[in-house]
Amino acid sequence: MDTLVVSRKNTSTWSTKKVLELFQLPFMDLLYQAQQVHRANHDPNKIQLSSLLSIKTGGCPEDCKYCPQSARYETEVERERLLALQEVLKSAQAAKENGATRFCMGAAWRGPKEHQLEDVMEMIRQVKAMGMETCVTLGMLKEGQAEKLKEAGLDYYNHNLDTSPEFYGEIITTRTYQDRLDTLERVRNAGINICCGGIVGLGESRAQRAGLLSQLANLNPPPESVPINQLVKVSGTPLEEVDDLDPFEFIRTIAVARIIMPKSHVRLSAGREQMPESTQALCFMAGANSIFYGEELLTTANPRIEADKALMSKLDLSSK
Ligand code: SAM
Ligand code: DTB
Ligand code: SF4
């Protein structure tokens, strides 16, 4: 499995072994190195703000074990139809007024059908016309679909690798690692920026976290945007009782991502609501320079806008 993936156009600049060596550095050395890389490539006091909206919630046929939207698990998520255009625009307008520069629309699909793609294209056109960057995450794309999204003005497509190839089969069985790489290649070939990251805290080992980051860094070129999600444990999902990841291990993950993907925006993504401000501050120190901003992720809670504004002010982080 590993060789199959790595033997694509991945020239394996970052082998799992090399990435693991970074994880094993003394914590202070790792953070120092990450800060240096961060400062050489980004303004250390700036943070990018993306707001999320679930445009089609629940009832997903896939079996991702972390996900409250899979139809296979009994969770409190209510299944909804695709939102109407006006509702989406209202939410985008509010996100813009609150200071977000990118609006990300997520759909709980295996992949979009043609008529669904047409509806989403209209959402993209109109959000773009409001002067925001656009991002969508719609599952797997078939031949030709990425080009249509590009035509509509899409800036970013989010599609995560989620975990390492070795651990992947424990988490998802309804789509393969290769399926994901194929979708990423379609997005890249259509000239759309890639937003691709993963989740930690699924019960994976450190070597498997290193395996995920190695895969991401060896995408050619690496993703422009790298969301690092900490598992939000949702009641009813198979992972609701998995052990917590130690916060310092999470911070190490961010630091290593920063070092091996120096130009990318590393997004401190799901899990902030459960994270003390001090941990978040160390994540920014380690090189995270983007967050999801707004009271909801897709179906779970994110910090309140006022709380995030206060945190940014305390840390002198600005979004403009
Ligand atoms: N359905 C589409 C797909 O998976 O291709 C797009 C939406 S899906 C919800 C986007 C990403 O959200 C997943 O790849 C996963 O990394 C993240 N995610 C989902 N549930 C999560 C949870 N409980 N905690 C943290 N991240 C989660
Ligand atoms: C990503 O990597 N994280 C976001 C976004 N891409 C679409 C989603 C997080 C979802 C967290 C669980 C939920 O709210 O349903
Ligand atoms: Fe469906 Fe995406 Fe959730 Fe997987 S992560 S179950 S594909 S909504």
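Preceding this section is the structure that the text describes.
Student: So what exactly am I meant to see when it comes to the nonpolar core here?
Tutor: Soluble, globular proteins show a tendency: their nonpolar side chains are buried together. In this structure, Y66, L149 and L213 are the most contacted members of the largest nonpolar core, which totals 92 residues. Looking at this core element by element, the count peaks at 8 residues for helix α10 (residues 247–260). Excluding residues that lie within four positions of it along the chain, L149 makes contacts with L117, M121, I124, V136, L138, L141, L154, Y157 and I192. Grouped together as the second largest cluster of nonpolar side chains are 9 residues, C135, Y156, A270 and L297 included.

Student: Just checking my understanding: could you explain the site of ligand 3 for this structure?
Tutor: In the region of ligand 3, the neighbouring residues are C60, E62, C64, Y66, C67, S70, A108 and R175. Counted by class, the shell around ligand 3 contains 5 nonpolar, 1 polar and 2 charged residues.

Student: Explain the packing of aromatic side chains to me, please; I cannot follow it from the model alone.
Tutor: To describe a pair of aromatic rings, you give the distance between the ring centres and the angle between the ring planes. Going through the model one piece at a time under the given rule, you end up with 2 aromatic pairs. With 5.6 Å between their ring centres and 85° between their planes, F27 and F248 make a pair best called edge-to-face. Taken together, the residues span a long stretch of sequence, with F27 in helix α3 (residues 27–41) and F248 in helix α10 at a distance of 221 residues. Residue class for F27 comes out buried when judged on its relative accessible area of 15%. Measuring from centroid to centroid gives 5.2 Å for Y168 and Y177, while their planes differ by 90°, and the two rings are edge-to-face. Comparing Y168 with Y177, the two get one shared label, buried. A cation over an aromatic ring shows up here: R267 above the ring of F292, its NZ or CZ 4.9 Å from the ring centre.

Student: Looking at this structure, how should I read the site of ligand 2?
Tutor: Around ligand 2, the structure places L52, P68, T137, N158, N160, P227, N229, F292, L297, L298, T299 and T300. Between an oxygen atom of ligand 2 and a main-chain N or O atom of L298, the distance comes to 3.0 Å. A distance of 2.8 Å is found between an oxygen atom of ligand 2 and a side-chain nitrogen or oxygen belonging to T300. Relative to its free-state accessible area of 410 Å², ligand 2 is covered by the protein chains to the extent of 88%. Classifying every residue of the shell around ligand 2 gives 6 nonpolar, 6 polar and no charged.

Student: Please explain the side chain of R267 as it appears in this structure.
Tutor: Checked against the element boundaries, R267 lands in strand β8 (residues 265–268). The side chain of R267 sits in the buried core without any salt bridge; E133 is the nearest counter-charge, 7.6 Å away. Discounting residues that sit within four places of it in the chain, R267 has contacts with Q48, S50, R102, C195, S225, V226, P227, I228, S290, I291 and F292.

Rules used throughout
Residues numbered from 1 in each chain as written. Chains lettered and ligands numbered in written order. Predicted model: local features only at pLDDT ≥ 70, side-chain atom pairs only at ≥ 80, totals over all residues. Heavy atoms only, no water. Core = buried A, V, L, I, M, F, W, Y, C linked by side-chain atoms within 4.5 Å. Buried < 20%, exposed > 50% of the residue type's maximum accessible area, 1.4 Å probe, protein only. Helix = DSSP H or I, 4+ residues; strand = E, 2+ residues; numbered from the N terminus. Contact = heavy atoms within 4.5 Å. Near = heavy atom within 4 Å. Nonpolar A, V, L, I, M, F, W, Y, C, P; charged D, E, K, R; others polar. Phe/Tyr/Trp six-rings, centres within 6.5 Å; stacked < 30°, edge-to-face > 60°. Lys NZ or Arg CZ within 6 Å of the ring centre and 35° of its normal. Polar contact = N/O pair within 3.5 Å; in protein donor to acceptor, adjacent residues only side chain to side chain. Areas by Shrake-Rupley, 256 points an atom, 1.4 Å probe, with all protein chains shown as cover. Lys, Arg positive; Asp, Glu negative; His and termini not counted. Salt bridge = Lys/Arg side-chain N within 4 Å of Asp/Glu carboxyl O.

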